[in-house]
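Fold and contact review
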2 protein chains.
Amino acid sequence: MEKTPYPSNMSEKSTLASWIDQHESEWLDDFFTFLRFQSISSESSFHTEVLQCHDWLVKYLEKIGCTVESWPTTGYPVIFASHLKAGPKKPTLLIYHHYDVQPVDPLEQWVTPPFQPSIRNGEIFARGAQDNKGQCFYVLQALRALQDIYGSFPINIKLCIEGEEEIGSAGLSKILLQKKEDLAADCVAIIDLGLRKAGTPSLTLGIRGIITLDVELTGSSFDLHSGAHGGIAYNPNHALVELLAKMRNEQGKITIPGFYDDVIPLTIEEKTTISFAFDKEEYRQQIGASPTGGEQDYSILERAWIRPTIEINGVYGGYSGEGFKTVIPAKAHAKISCRLVPNQNPDIIGQILTNYFKKQAPPGIDVAVKLHPGKGKAIRVGTHTSCTKAFARAFEEVFQKPCEYMYEGSSIPIAAKLGEIAGGETILLGLGLITDQVHAPNEHFGLDRLKQGTLVIARAIQILSENR
Amino acid sequence: MEKTPYPSNMSEKSTLASWIDQHESEWLDDFFTFLRFQSISSESSFHTEVLQCHDWLVKYLEKIGCTVESWPTTGYPVIFASHLKAGPKKPTLLIYHHYDVQPVDPLEQWVTPPFQPSIRNGEIFARGAQDNKGQCFYVLQALRALQDIYGSFPINIKLCIEGEEEIGSAGLSKILLQKKEDLAADCVAIIDLGLRKAGTPSLTLGIRGIITLDVELTGSSFDLHSGAHGGIAYNPNHALVELLAKMRNEQGKITIPGFYDDVIPLTIEEKTTISFAFDKEEYRQQIGASPTGGEQDYSILERAWIRPTIEINGVYGGYSGEGFKTVIPAKAHAKISCRLVPNQNPDIIGQILTNYFKKQAPPGIDVAVKLHPGKGKAIRVGTHTSCTKAFARAFEEVFQKPCEYMYEGSSIPIAAKLGEIAGGETILLGLGLITDQVHAPNEHFGLDRLKQGTLVIARAIQILSENR
């Protein structure tokens, strides 16, 4: 047998790999069931479906042998599953997931319905296929495999699976402090992230924070005719585009006073651990546009990973239907999010933005700003923790390549808070790819990655057990 | 009997007024039937309703004694009704109307459903109650009254009622030349306008032209996650607000190169005929906002009547639903209209705007511009024509006040072309008020104005007969 270049317990790995292959049709059925729940947390019409998804997951975890609690919150309940039979001498791993998903619009752009999973070219298409049901599901299969093969887990396992990640984790945030003892862990794994590229084992050493807000501008009491009132009334659509355009200058620099005040530069160690190399042409081919956005005096991955942003996620005012309507609308709206970097405080940035809109609005236009509860700070993770080392080795065993380190532009608002409460080392990982179309039509996740993920998690659990 | 300060045939006026009162319940029933047709020309789902409205109107005109033709067009048919028994020695009046109406969204803001007319405080609420079914209906009642009382009309009457005014009159425009003989008239009355204020008899000496367009910006091939791509991808929403904001400077001056090139100043006579006095506080009370829009170095009514504008009638891109979605949309859209003044050519302005968007778009953003067919030049009308004089006298008789002259910021794209083809004098009038909420939720028109309008039209027809 050829010698593997990476230290690997080939026996364990092949035992696990066989289990995965032998049970494929069974776990694929289960995954499709999980994906069929329309667990869209942001739209109240899906309330029942979100709860049905929760109930299914509770039963699934009980079947794996976990003790499962459903923690009531101000919103959707948090699932807390634990399996502590390894005992106090063994480390405890807390894994975080969410069972809610993003909305599906524009629905007409889905090739197959978002809640009727289907496989094309080895990819499973469905809302949540990656984010986060797919990533959650390979963790569940790793646990099932270990349970099935060995009858137990070599370390203590806790799972915290919430139902409000896509709307800001308000419910979980509020109960964190009172659940401090339950959540205590040596290692907190946030498994909602991605690989640097397909086939490359990767760990994420940092994610950005976030704050989101709605802005509503009001001019007249009712919609006006743009013939009679054009040139007299201040069109809220104009006020809106003016305010939104002025947020950044032509170099992509955010011009809102105070926005960058708390941003700190990367340390030398951070700079040397992470490669900011980026293939522009590959990106263009993947998304159909060149990477021309953001601050022009930073490299592309610096813009995505270590610089804060302001993005207009939605803008709407006036007529958007077929044909034309010569209207000056009474109201115009924007939905805005900022990605934040270490040392930026979401509350302060929210206040800075609110002030900007209130103060800069032209005469005749009223402004209302609503800050959403879904906010969170950025996170940085070190490379030298036993947790990071265990997952890196598991990744290298499975992919047979050196693990690469990266940052990630996305945010998991709850992650920083959860890490603090649990008191252990935080690790950020996942098998997502930038091409998975998460939060967009035709979200998908590879069958190969479901299997690799199952292996990585199962092996990481075994390695964590050996290391202590 | 008190002497009336305005020359008036009191006998004719009171005969007509009695007829109107006696037949009120009958014509109100008819008006409500007219209003119930959902004749929204811009939305294809209402196709059948638009045609049913056309059919009803054809029969109504036949009952009044007109010879009615339905002229096929590329879109909705044009109704042409004529009653030429007055003979060649008597003048011919051509009256223009439209039977189509604007869309009704936002539907939830209507107090009563837009196509179920209802009366509150003497006002009839329905889509089209004023624009243009109400204005058309009092003309029909004037004709019915004259026919009923005198058995005929003292002049030759033609009506041209189209079904595509709200979408730009493309169909009528294309057949105008071939219908030149049918449409020939001494006086062309465009009855789709308003009073300067409630109770003030008014004629409109000018309307603005119009050009409308859709702009679509495209970034990536699909929607992106604003965490992973924020700072890399150029968000089409940002490109859109930047392009739209840059169309005007902080003084409201349009900065698109060439936009004002063909604008000519008012003549001394025009300046002295028209009062540009404006009550800011009254306006604020009427619409709920101060008149702070447009070019700041012009007076308010100059901005509304004699200066061109650019208005964003619709803007939309990304997420607009409940909650939040951290998306960078693939596309962003705007619907834009320009009001034009005499000597500005809609085609040239359309080209100028297209060039602006194409040339100014940032790298990574593709632009598509669609010019709508609904375009038209501005119109100016003189005070000394026999037509203007007859309608001014009719207005003064009915309102017992001096007729005031005004311009109007709105556009009737077909009006300039129709006047040219008919070969006669054009007159612009109507009994609309700025508070009627045309093109907006809760459009309404006064019962009192329906009666006054009927009287004005009937008397104008009689006066035109005397004058020749």
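Predicted model, so just to flag it, every value in this text is computed and none were measured.

**Some points on helix α7 (residues 236-245) of chain A**
Since the α-helix advances by 3.6 residues per turn, residues separated by three or four positions end up pointing in the same direction. The buried fraction of α7 of chain A amounts to 10 of the 10 residues, a majority that puts the element mostly inside the structure. Within the span of α7 of chain A, buried status applies to P236, N237, H238, A239, L240, V241, E242, L243, L244 and A245 of chain A.

**Structural notes on the interface of chain A and chain B**
Contact residues are listed per partner, giving 92 residues for chain A and 92 residues for chain B. Each partner contributes to the roughly 7500 Å² buried at the junction of chain A and chain B, and carbon and sulfur atoms together form 54% of this total. For the pair chain A and chain B, the number of links is two salt bridges. A salt bridge links K325 of chain A to D105 of chain B; the nearest nitrogen and oxygen atoms lie 3.8 Å apart. There are 56 residue pairs in polar contact (both at pLDDT 80 or more) connecting chain A and chain B. Every element with two or more residues in the side of chain A that touches chain B is listed here: β9 (209-218), β10 (224-225), α7, α9 (280-287), α10 (300-305), β11 (309-318), β12 (327-328) and β13 (331-340) of chain A. Looking at the side of chain A that touches chain B residue by residue, the classes come out as 37 nonpolar, 37 polar and 18 charged. Note that β11 of chain A and strand β11 (residues 309-318) of chain B share five bridges and pair antiparallel. Pairing of G318 of chain A across the sheet is with G314 of chain B, part of β11 of chain B.

**Topic: the packing of helix α3 (residues 47-63) of chain A against helix α4 (residues 133-150) of chain A**
All names here are of chain A. Orientation of α3 relative to α4, taken along the N-to-C sense of each, is 20°, at an axis distance of 11 Å. Taken together, the axes of α3 and α4 are roughly parallel relative to one another. The handedness of the crossing between α3 and α4 comes out as left-handed. Between α3 and α4, the residues in contact are C53, W56, L57, Y60 and L61 and K133, F137, L140, Q141 and R144, respectively.

**Topic: the packing of aromatic side chains**
Across all of its chains, the model carries 30 aromatic pairs over all chains by this definition. Aromatic pair W71 of chain A and F80 of chain A: ring centres 4.6 Å apart, planes at 15°, arrangement stacked. By the burial criterion, W71 of chain A is buried, and F80 of chain A matches it. Ring centres of Y138 of chain B and F445 of chain B lie 6.3 Å apart, and the angle between their planes is 20°; this geometry places the pair in the stacked category. In this pair, Y138 of chain B sits in helix α4 (residues 133-150) while F445 of chain B sits in strand β18 (residues 444-446), placing the two residues 307 residues apart along the sequence. Of the two residues, Y138 of chain B and F445 of chain B, neither departs from the other in class, the shared state being buried. Three or more aromatic residues link up through ring pairs in this structure, and these residues are F31, F34, F37, W56, Y60 and F137 of chain A. Against the face of F125 of chain B rests R120 of chain B, its NZ or CZ located 3.9 Å from the ring centre. Across from the ring centre of Y407 of chain B, 4.2 Å away, lies the NZ or CZ of R380 of chain B, which sits over that ring.

**A few points about the pattern of salt bridges**
For side chains of opposite charge, pairing can occur when their charged atoms come near one another. One pass over the full model with this rule turns up 36 salt bridges over all chains. Ionic pairing is found between K253 of chain B and D297 of chain B, a salt bridge with its closest N-O pair at 3.5 Å. Here the residue K253 of chain B occupies a position in the loop between α7 (236-245) and α8 (268-273), and D297 of chain B occupies one in the loop between α9 (280-287) and α10 (300-305), the gap between them amounting to 44 residues. With relative accessibility at 23%, the residue K253 of chain B sits in the partly exposed group. Given a relative accessible area of 54%, D297 of chain B falls into the exposed group. Salt bridges sharing common partners tie together K253, E295, D297 and R307 of chain A.

**Observations concerning the relation of the copies chain A and chain B**
Each of the two chain copies can be generated from the other by rotation about an axis followed by a shift along it. Overlaying chain A on chain B yields an RMSD of 0.0 Å, the required transformation being a rotation through 180° with an accompanying axial translation of 0.0 Å. This pairing of chains is accounted for by a two-fold axis. A shared interface surface links the copies, since 100% of the contact residues of chain A are contact residues in chain B too.

**Brief notes about the domain arrangement of chain A**
Residue and element names in this part refer to chain A. According to the domain assignment, chain A consists of domain 1 (12-207 + 378-464) and domain 2 (211-263 + 308-371). Domain 1 and domain 2 are separated by 36 Å when their C-alpha centres are compared. Counting residues at the interface gives five residues for domain 1 and four residues for domain 2. Summed over both partners, the interface of domain 1 with domain 2 comes to about 330 Å²; 55% of that surface belongs to carbon and sulfur atoms. Sorting the residues of domain 1 by area buried against domain 2 places A378, R380 and S411 first, and these three jointly supply 79% of that buried surface. The interface formed by domain 1 and domain 2 includes zero salt bridges. For the pair domain 1 and domain 2, the interface holds one residue pair in polar contact (both at pLDDT 80 or more). Looking at the side of domain 1 that touches domain 2, its residues break down into one nonpolar, three polar and one charged.

**Side note on the sheet that holds strand β4 (residues 118-120) of chain B**
Working definition: the strands of a sheet are paired by backbone hydrogen bonds and lie parallel or antiparallel to each other. All names here are of chain B. If you trace the three strands from one edge of the open sheet to the other, you get β4-β5-β18, paired in antiparallel fashion. Unpaired on one side and paired on the other, β4 and β18 mark the two borders of the sheet. With strand direction ignored, the average angle separating the axes of adjacent strands in the sheet is 30°. The sheet contact formed by strand β5 (residues 123-125) and β18 spans three bridges and is antiparallel.

**Focus on the environment of V456 of chain B**
All names here are of chain B. Take V456: it is sitting in helix α14 (residues 447-467). With 261 residues separating them in the primary sequence, V456 and L195 have C-alpha atoms 13 Å apart. Contact partners of V456, with chain neighbours within four places excluded, come to A394, F395, V398 and F399.

**So, helix α2 (residues 24-36) of chain B**
The terminal C-alpha atoms of α2 of chain B, which comprises 13 residues, lie 18 Å apart, in line with the 18 Å expected from a rise of 1.5 Å per residue. Inspection of α2 of chain B places W27, L28, D30, F31, F32, F34 and L35 of chain B among the buried residues, and these make up the whole buried set.

**Brief notes about the environment of L301 of chain A**
Looking at where L301 of chain A falls in the secondary structure, it is placed in helix α10. Given a relative accessible area of 7%, L301 of chain A falls into the buried group. Note: C-alpha distance between L301 of chain A and S275 of chain A (26 residues apart in sequence) is 9.0 Å. If sequence neighbours within four positions are ignored, L301 of chain A has contacts with R196, S275, F276, A277, F278 and I306 of chain A together with I232 of chain B.

**What about unusual backbone geometry?**
Omega for the peptide link from D131 of chain A to N132 of chain A comes to 5°, which places this bond in the cis form. Relative to the elements of secondary structure, N132 of chain A occurs in the loop between β5 (123-125) and α4. Residues D105 of chain B and P106 of chain B are joined by a peptide bond in cis, for which omega reads 0°. Positionally, P106 of chain B belongs in the loop between β3 (92-98) and β4.

**Examining the sheet that holds strand β13 (residues 331-340) of chain B**
The antiparallel open sheet is built from eight strands, whose spatial order is β14(A)-β9(A)-β13(A)-β11(A)-β11(B)-β13(B)-β9(B)-β14(B). In this open sheet, the two edge strands, each paired with only one partner strand, are β14 (366-371) of chain A together with β14 (366-371) of chain B. Shown here is a sheet whose adjacent strand axes are inclined to one another by a mean of 25°, direction ignored. Relative to β13 of chain B, β11 of chain B runs antiparallel, the two sharing eight bridges. Residue pairing in the sheet places T309 of chain B in a bridge with R339 of chain B of β13 of chain B.

**Side note on the state of the cysteines**
A covalent bond bridging the sulfur atoms of two cysteines is what the word disulfide describes. Residue and element names in this part refer to chain B. Counted by the stated rule, this structure contains two disulfides over all chains. Residue pairing for C187: its cysteine sulfur links by disulfide to C387, the two sulfurs lying 1.6 Å apart. Placement of C187 in strand β7 (residues 187-191) and of C387 in helix α12 (residues 386-399) is noted, with a sequence separation of 200 residues between them. The residues C187 and C387 share a single accessibility class, namely buried.

**Re the environment of L213 of chain B**
Looking at where L213 of chain B falls in the secondary structure, it is placed in strand β9 (residues 209-218). Measuring from C-alpha to C-alpha, the distance between L213 of chain B and H372 of chain B comes to 5.5 Å, with 159 residues separating the pair along the chain. Ignoring anything within four residues of it in the chain, the contact list for L213 of chain B reads F324 of chain A together with A334, K335, I336, L353, F357, V369, K370, L371 and H372 of chain B.

Procedures and definitions
- Residues numbered from 1 in each chain as written.
- Chains lettered and ligands numbered in written order.
- Predicted model: local features only at pLDDT ≥ 70, side-chain atom pairs only at ≥ 80, totals over all residues.
- Heavy atoms only, no water.
- Buried < 20%, exposed > 50% of the residue type's maximum accessible area, 1.4 Å probe, protein only.
- Helix = DSSP H or I, 4+ residues; strand = E, 2+ residues; numbered from the N terminus.
- Contact = heavy atoms within 4.5 Å.
- Buried area = accessible area lost by both parts, 1.4 Å probe.
- Salt bridge = Lys/Arg side-chain N within 4 Å of Asp/Glu carboxyl O.
- Polar contact = N/O pair within 3.5 Å; in protein donor to acceptor, adjacent residues only side chain to side chain.
- Nonpolar A, V, L, I, M, F, W, Y, C, P; charged D, E, K, R; others polar.
- Pairing = 2+ DSSP bridges.
- Axes fitted to C-alpha atoms, helices over the stretch in contact; angles between N-to-C directions.
- Parallel < 35°, antiparallel > 145°, perpendicular 65-115°, else oblique.
- Left-handed = near helix turned anticlockwise from the far one by under 90°.
- Phe/Tyr/Trp six-rings, centres within 6.5 Å; stacked < 30°, edge-to-face > 60°.
- Lys NZ or Arg CZ within 6 Å of the ring centre and 35° of its normal.
- Least-squares fit on C-alpha atoms with pLDDT ≥ 70 in both.
- Domains from an automatic or database assignment.
- Expected span 1.5 Å × (residues − 1).
- Disulfide = S-S within 2.5 Å.

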